[in-house]
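Residue-level listing of the chains:
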Amino acid sequence: MSELPVLTSYIGGKFVTSGVSFDNVNPVNGQVIAHIDEASLEMINTAVASARQAQDTWGKMPVKQRCALLHKVADRMAEREQEFIDAEIADTGKSLHQVQTIDIPRGTANFRFFADLAQFNSGETFITETPDGSKALNYSVNKPLGVVGVISPWNLPLLLATWKIAPAMACGNSVILKPSEETSSTAFLLAQVMDEVGIPPGAFNLILGRGSAVGDALTSAEGVDAITFTGASATGKRIMKSVADQVKPISFELGGKNSAIVFADADLTKAIKGVARSSFTNCGQVCLCTEKVYVHRAIFDLFVEGLKQEACQLKIGYPYDDGVFMGPLVSSTHQQKVLSYYRLAEDEGATFVTGGGVPRFNDERDNGAFIEPTILTGLSDTARVNQEEIFGPVCHISPFEDEDEVIARVNNTQYGLAAAVWTENLSRAHRVSPQLDVGLVWVNTWFLRDLRAPFGGVKLSGIGREGGQHSLAFYSEPINICIKI
Ligand SMILES: NC(=O)c1ccc[n+]([C@@H]2O[C@H](COP(=O)([O-])OP(=O)(O)OC[C@H]3O[C@@H](n4cnc5c(N)ncnc54)[C@H](O)[C@@H]3O)[C@@H](O)[C@H]2O)c1
Ligand SMILES: O=C/C=C/C=C(\O)C(=O)O
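Notes on the structure in this doc start here. (Residues numbered from 1 in each chain as written. Chains lettered and ligands numbered in written order. Predicted model: local features only at pLDDT ≥ 70, side-chain atom pairs only at ≥ 80, totals over all residues. Heavy atoms only, no water.)

**Topic: the site of ligand 2**
Then comes step 1: The local shell around ligand 2 consists of R106, N155, L156, L159, L160, W163, V286, C287, F447, R449 and F455.
Then comes step 2: One of the side-chain nitrogen or oxygen atoms of R106 is found 2.8 Å away from an oxygen atom of ligand 2.
Then comes step 3: Between an oxygen atom of ligand 2 and a side-chain N or O atom of N155, the distance comes to 2.7 Å.
Then comes step 4: In isolation ligand 2 exposes 310 Å². Once the protein is present, 98% of that is buried.
Then comes step 5: Per-class residue counts for the shell around ligand 2 are 8 nonpolar, 1 polar and 2 charged. (Near = heavy atom within 4 Å. Polar contact = N/O pair within 3.5 Å; in protein donor to acceptor, adjacent residues only side chain to side chain. Areas by Shrake-Rupley, 256 points an atom, 1.4 Å probe, with all protein chains shown as cover. Nonpolar A, V, L, I, M, F, W, Y, C, P; charged D, E, K, R; others polar.)

Rendered as structure tokens:
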């Protein structure tokens, strides 16, 4: 019998197994590090029933008491921080620096933020003048939706799961989390924390397994009142079809093909470092990452050379090694997908400024999913490489002449998630940003987050917004009560 740990589902306050499992692989060296026990249909149905039943406890609990428990979840996560860090790194191969400064701190902060904010999730009140000269009182009360299915991706596993779980639970909903089959470890630890803190059975459930099996069963389950999903646009389309007959509310954070615009009046050093960060962070596996860079012709050559130097000095290697910026991609399957786009770029006639292949270490890492950061030039905006989301450490740089041209080119995509604008001209920043068909624009920075701000995209990049009151609105069902006075 294998000595490797088995990660299991957590349903109705118990860790349960189906006995059917698949391997969990470390992308640094291709080693199997655990087995994932995949939830059966019966287990999924039990999770739905348990979540429904928990509406009598969790759903009716006073908000102050509910949110105090969510603060306890954050406290316990903080106590077990190193375990969460090591688990996230084992699943993804991310650098220790990134996991320590982004993934795990935000995973915990999401609970604290929404545990505080939900206590202000009050309704509205109106005194209504009625036609007969008297009055009426209109007031609304926010109720939980009920049972919420949460489906999360592998690129920022804990951060993106708790970005949904925290507001959903803070608003009184019971949650069924289905994390990516690539990255179940921190979700499993979160289930342990929920259990240790004493969250009522059924308020939080974890079902592990493949999206096509377990994810699809969750979205089509009749007892689930809403679905919140972060992942690929193609998956979003499948989920939309799956919930259509039941007219279930959905919140979608989907794919992107994000641009950075560098104007001639940008601080060139800041812009080069900023675009290197927005293109290569997390091995390019962030939905907000830059894959298209538009640089004013006057500084094009200087910028290309500067970004090449930044890319060539990025340290790629073991997650725990000092100074490592980039680990591997999340899996060999994803590595093959990104490499296929490098080959497509060749076929489409791109110039490779740097990269295009796989780094060689002559050790176990050659069995991992490593890849070179890559910079391309020379392709048209209509090339597939410039239209399709690659989701790896690669960007294409094009020159432009003026504002109207570059705005039109940036908007020429089926996606609309994020953009970055580099200019020291304040008027230009405020003039250009609102003209970009995206949900998020960063000016002279990138991925700087205020959890109160609306977060989400348009077109193929999503439906709805998360963050602050936007999350509370999605996870609440207001009931308006009108009383004749
Ligand atoms: N907009 C955002 O905030 C955001 C954030 C992160 C990732 N993403 C996008 O996610 C993609 C990468 O993540 P990924 O590969 O995990 O995405 P994915 O769509 O393959 O998987 C996401 C989740 O959906 C599940 N899933 C897959 N098929 C399903 C189905 N038919 N029914 C129900 N669930 C299903 C998966 O198991 C996983 O848990 C990229 O396109 C990226 O742009 C978007
Ligand atoms: O890969 C996508 C990143 C999404 C980030 C957030 O949703 C966030 O920072 O809240």
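Once you've had a look at it, read on.
**So, the site of ligand 1**
Then comes step 1: With respect to spatial proximity, 28 residues lie near ligand 1, and among them W154, K178, E181, L254 and E389 are the closest.
Then comes step 2: Between ligand 1 and S152 there is a distance of 2.7 Å, counted from an oxygen atom to a backbone nitrogen or oxygen.
Then comes step 3: A distance of 2.6 Å separates an oxygen atom of ligand 1 from a polar atom in the side chain of W154.
Then comes step 4: Contact with the protein chains covers 90% of the free accessible surface of ligand 1, which is 840 Å².
Then comes step 5: Secondary structure elements with two or more residues in the shell around ligand 1: α7 (211-220), β11 (226-230) and α8 (233-244). (Helix = DSSP H or I, 4+ residues; strand = E, 2+ residues; numbered from the N terminus.)

**Some points on the sheet that holds strand β15 (residues 351-354)**
Then comes step 1: A sheet is described by the order of its strands in space; here 7 strands give the open sequence β15-β16-β17-β14-β13-β18-β19, paired in mixed fashion. At either margin of the open sheet sits one strand with a lone partner, and together these are β15 and β19 (440-443). Neighbour-to-neighbour, the strand axes of the sheet open up by a mean angle of 25 degrees, direction not taken into account.
Then comes step 2: Sheet analysis places strand β16 (residues 374-377) next to strand β17 (residues 394-400), joined by 4 bridges and oriented parallel. Bridging from a neighbouring strand, I375 pairs with C395 of β17.
Then comes step 3: Running over the sheet, helix α9 (residues 268-280) touches β13 (258-262), β14 (290-296), β16, β17 and β18 (418-422) and is turned about 165 degrees from β18.
Then comes step 4: Strands β13, β14 and β17 of the sheet are contacted by helix α12 (residues 403-411), whose axis makes an angle of about 150 degrees with β17. (Pairing = 2+ DSSP bridges. Axes fitted to C-alpha atoms, helices over the stretch in contact; angles between N-to-C directions. Contact = heavy atoms within 4.5 Å.)

**Examining the packing of aromatic side chains**
Then comes step 1: Applying the stated criterion across every chain yields a total of 10 aromatic pairs.
Then comes step 2: Here W446 and F447 contribute two aromatic rings whose centre-to-centre distance is 5.4 Å and whose plane-to-plane angle is 55 degrees, an arrangement assigned as tilted. Here W446 matches F447 in class, with each residue buried.
Then comes step 3: Stacked on the ring of W163, the Lys or Arg R106 has its end atom at 5.1 Å from the ring centre.
Then comes step 4: The side chain of R428 reaches across the aromatic face of F263, ending 4.5 Å from its centre. (Phe/Tyr/Trp six-rings, centres within 6.5 Å; stacked < 30°, edge-to-face > 60°. Buried < 20%, exposed > 50% of the residue type's maximum accessible area, 1.4 Å probe, protein only. Lys NZ or Arg CZ within 6 Å of the ring centre and 35° of its normal.)

**Quick notes on the packing of α9 against helix α10 (residues 300-312)**
Then comes step 1: Where α9 contacts α10, the axes come no closer than 9 Å and their chain directions differ by 50 degrees. The angle between α9 and α10 places the two elements in the oblique class. Handedness of the α9/α10 crossing: right-handed. The segment α9 lies against α10, with L268, A271, I272, K273, V275, A276 and F280 engaging L302, F303, G306, L307, E310 and A311.
Then comes step 2: Partitioned by chemical class, the residues of the contact of α9 with α10 number 10 nonpolar, 1 polar and 2 charged. (Parallel < 35°, antiparallel > 145°, perpendicular 65-115°, else oblique. Left-handed = near helix turned anticlockwise from the far one by under 90°.)

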